[in-house]
Amino acid sequence: MNKEVIKIQTLNENKRMSTQELLQLITLKISEGYTDFEIAGCGQHNIGGSSWAICDGDELKFKITNPGQRVGAMALKGTHIYVEGSAPADVGWLNSGAEIIVDGDCGDTASHCAAGGKIFVSGRVGTRSGALMKHDPKFEPPEFWVLKNTGSFGFEFMGGGIAVICGWDCEGLESVLGNRSCVGMVGGTIYVRGKISGIADCVAIKELNDNDIDFLKNGLDEFLKKINKTDLYNELTDFTQWHKIEPLPPELKKKKIPVSEFRKTSWVEGGIFGDFIHDDFVVYPLPAVGDGRVHIPVWDSSPCIDCKICLNNCPNSAIKENNKQYSSDENLCIGCGICEAVCPKQAWKLISNRNEIS
Ligand code: SF4
Ligand code: SF4
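Only a predicted model underlies this, so the values are computations on that prediction, with no experimental measurement involved.

## Quick notes on unusual backbone geometry
At step 1: Phi at Glu 13 is positive, roughly 45°, even though this residue is not glycine.
At step 2: With respect to the helices and strands, the residue Glu 13 is situated in the loop between strand E2 (11-12) and strand E3 (15-16).
At step 3: Although it is not a glycine, Lys 324 sits at a positive phi angle of roughly 65°.
At step 4: Take Lys 324: it is sitting in the loop between strand E15 (319-322) and strand E16 (325-328).

Shown next, in the form of structure tokens:
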């Protein structure tokens, strides 16, 4: 192992190193035995990701400024990443064991899909952060610590792991979890300090028990040391301010309703794109035929050379040929577009079956 710190400046005289060049350079240096990197980034993606897989079991360290998206994505145990300043979207996406510290704010989807390791953030995190976090019981659960608050739609479909949202410096906010967080949450625990509103009805807000308080006391000690904010320990360990959020057991969850009823009663009025497309609230079978198709194929006789490629490749045997004239049967056609893709003469053209967007 070579203890020298590799310093990489990725912007020289207005020439920017690409993501590929940077990751290849890191890979080369790791193969030469270097494990300690200081990277002055310029928006390059995936820094510090799965690099540990190619090192010889040593600990890998990255100190990064100005990273691009997915810093620490899929990073493995034995990887330590410190971001000086803020980082954009997808910090620690599918983190698989690394320690990632962001000394600033994170963009959207921080800790998205995290399955292991710990992510510490000294500021705020954007929308959909913590979504799809998960826990394989063979490993320690992933942890996601945030000093301030999250954007809306956080922890969607969370299946496991632990998130701690400290709500510090959030006195003016209506909810430190934004709006509509925890939709579809089925596992894991979110500890949260401060005001919460607008969260999904599939979760319960609970008081802390002694085990929760022990976990938070120890964890906050570690977290605040990592982000150099130990002076906040007393303020954040007033546990009268904290709650935990966990999914309701299945028997207490609201009964499922058919999609068509959901669209009538719960969908955004007029549909998400209601300004542009009329929503008839009809749920078509999948895959749809006839009027339910999003696209329909139209045949043009002039370029056709009667090769029969379309006839032989239509997955639903919808194409008919009669005296070198081709057509598709609307009761069989699913609008998949294979005829258009395979025709060597562009005789089939797929067009929209929605007047509003044609
Ligand atoms: S769109 Fe698909 S289903 Fe319809 S005719 Fe073409 S290949 Fe067949
Ligand atoms: S693949 Fe094209 S050229 Fe060949 S038969 Fe079908 S429409 Fe005609």
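## Digging into the site of ligand 2
At step 1: In the region of ligand 2, 13 residues are neighbours, and Cys 304, Cys 307, Lys 308, Cys 310 and Cys 343 sit closest.
At step 2: Per-class residue counts for the shell around ligand 2 are eleven nonpolar, no polar and two charged.

## Quick notes on the environment of Gln 346
At step 1: Tracing the chain through its elements places Gln 346 in the loop between helix H6 (338-342) and strand E17 (348-352).
At step 2: What makes Gln 346 exposed here is its relative accessible area of 61%.
At step 3: Measuring from C-alpha to C-alpha, the distance between Gln 346 and Pro 303 comes to 7.3 Å, with 43 residues separating the pair along the chain.

## Remarks on the domain arrangement of the chain
Interfaces are often described in size by the accessible area the parts lose on coming together.
At step 1: When cut into domains, the chain gives domain 1 (2-252) and domain 2 (287-357).
At step 2: Just the C-alpha atoms count here: the centres of domain 1 and domain 2 sit 49 Å apart.

## What about the site of ligand 1?
At step 1: Neighbouring residues of ligand 1: Pro 297, Cys 314, Pro 315, Ile 319, Ser 328, Cys 333, Ile 334, Gly 335, Cys 336, Gly 337, Ile 338 and Cys 339.
At step 2: For the shell around ligand 1, the per-class residue count stands at nine nonpolar, three polar and no charged.

## A word on the nonpolar core
At step 1: Core analysis: the largest hydrophobic core is formed by 48 residues, its most contacted members being Phe 37 and Phe 144.
At step 2: Among the nonpolar cores identified, the runner-up in size contains 18 residues, and Trp 145, Leu 208, Phe 239 and Trp 242 belong to it.

## A closer look at helix H2 (residues 210-226)
At step 1: The end-to-end C-alpha separation of H2 is 24 Å, in line with the 24 Å expected for 17 residues at 1.5 Å each.
At step 2: Taken as a whole, H2 has its buried residues at Asp 212, Leu 216, Gly 219, Leu 220, Phe 223 and Leu 224.
At step 3: Check the buried side of H2 and you find it contacts strand E8 (116-121), strand E9 (143-146), strand E10 (159-165), strand E11 (187-193), helix H3 (233-236) and strand E13 (242-247).
At step 4: With a side-chain oxygen lying 3.0 Å from the backbone nitrogen of Asn 211, the N-terminal cap of H2 falls on Asn 209.
At step 5: Count one or two residues on from H2 and you reach Asn 228, which has phi positive near 60°.

## As for the sheet that holds strand E7 (residues 96-103)
Across a sheet, strands are paired by hydrogen bonds formed along the backbone, either parallel or antiparallel in direction.
At step 1: Here we have eleven strands laid out as an open sheet, ordered E1-E4-E5-E6-E7-E8-E9-E10-E11-E13-E12, and mixed in their pairing. On the outer flanks of this sheet lie strand E1 (2-9) and strand E12 (203-206), each paired with one strand and no other. With direction set aside, neighbouring strand axes in the sheet form an average angle of 15°.
At step 2: Relative to E10, E9 is paired through four bridges, and the arrangement is parallel. The residue of E10 that forms the bridge with Phe 144 is Ala 163.
At step 3: Those strands touched by helix H1 (residues 19-31) are E1, strand E4 (34-40) and strand E5 (60-65), and its axis lies near 155° from that of E4.
At step 4: Along the sheet face, H2 touches E7, E8, E9, E10, E11 and E13 and points at about 65° away from the line of E9.

## A look at the pattern of salt bridges
At step 1: All chains considered together, the criterion is met by 15 salt bridges.
At step 2: The closest approach of N and O atoms between Arg 193 and Glu 235, which form a salt bridge, is 3.8 Å. Residue Arg 193 is located in strand E11, and its partner Glu 235 is located in helix H3; the two are separated by 42 residues in the primary sequence.
At step 3: Taken together, the salt bridges that share partners define one network made up of Lys 206, Asp 212, Lys 244 and Glu 246.

## Description of the environment of Glu 13
At step 1: The class for Glu 13 is exposed, based on a relative accessible area of 83%.
At step 2: Separated by 242 residues in sequence, Glu 13 and Lys 255 have C-alpha atoms that sit 61 Å apart.

## Some words on the side chain of Glu 246
At step 1: Take Glu 246: it is sitting in strand E13.
At step 2: Within the structure, Glu 246 has its side chain in polar contact with the side chain of Thr 189 (distance 2.9 Å).

## Considerations on the pairing of E4
At step 1: As paired elements, E1 and E4 share six bridges and run parallel to each other. What sits directly across from Asn 2, in E4, is Tyr 34.
At step 2: Two elements, E4 and E5, share five bridges in a ladder whose sense is parallel. Residue pairing in the sheet places Glu 38 in a bridge with Lys 63 of E5.

## Things to note about the environment of Phe 223
At step 1: Locating Phe 223 in the fold gives a position in helix H2.
At step 2: Judged by its relative accessible area of 0%, Phe 223 falls in the buried class.

## Concerning H1
At step 1: Counted at 1.5 Å a residue, the expected span for H1 with its 13 residues is 18 Å, and the 18 Å between its end C-alpha atoms agrees.
At step 2: Those residues of H1 that fall on the buried side of the exposure criterion are Leu 22, Ile 26 and Ile 30. Along H1, the residues classed as buried sweep out an arc of 70° about the axis, all on the same side. Facing away from the buried side of H1 by over 90 degrees, the exposed positions are Gln 20 and Ser 31.
At step 3: The inward-facing, buried residues of H1 contact E1, E4 and E5.
At step 4: Immediately downstream of H1, the backbone of Gly 33 shows phi near 100°, a positive value.

About the cut-offs
Residues numbered from 1 in each chain as written. Chains lettered and ligands numbered in written order. Predicted model: local features only at pLDDT ≥ 70, side-chain atom pairs only at ≥ 80, totals over all residues. Heavy atoms only, no water. Helix = DSSP H or I, 4+ residues; strand = E, 2+ residues; numbered from the N terminus. Near = heavy atom within 4 Å. Nonpolar A, V, L, I, M, F, W, Y, C, P; charged D, E, K, R; others polar. Buried < 20%, exposed > 50% of the residue type's maximum accessible area, 1.4 Å probe, protein only. Domains from an automatic or database assignment. Core = buried A, V, L, I, M, F, W, Y, C linked by side-chain atoms within 4.5 Å. Expected span 1.5 Å × (residues − 1). Contact = heavy atoms within 4.5 Å. Polar contact = N/O pair within 3.5 Å; in protein donor to acceptor, adjacent residues only side chain to side chain. Pairing = 2+ DSSP bridges. Axes fitted to C-alpha atoms, helices over the stretch in contact; angles between N-to-C directions. Salt bridge = Lys/Arg side-chain N within 4 Å of Asp/Glu carboxyl O. Arc of directions from axis to C-beta.

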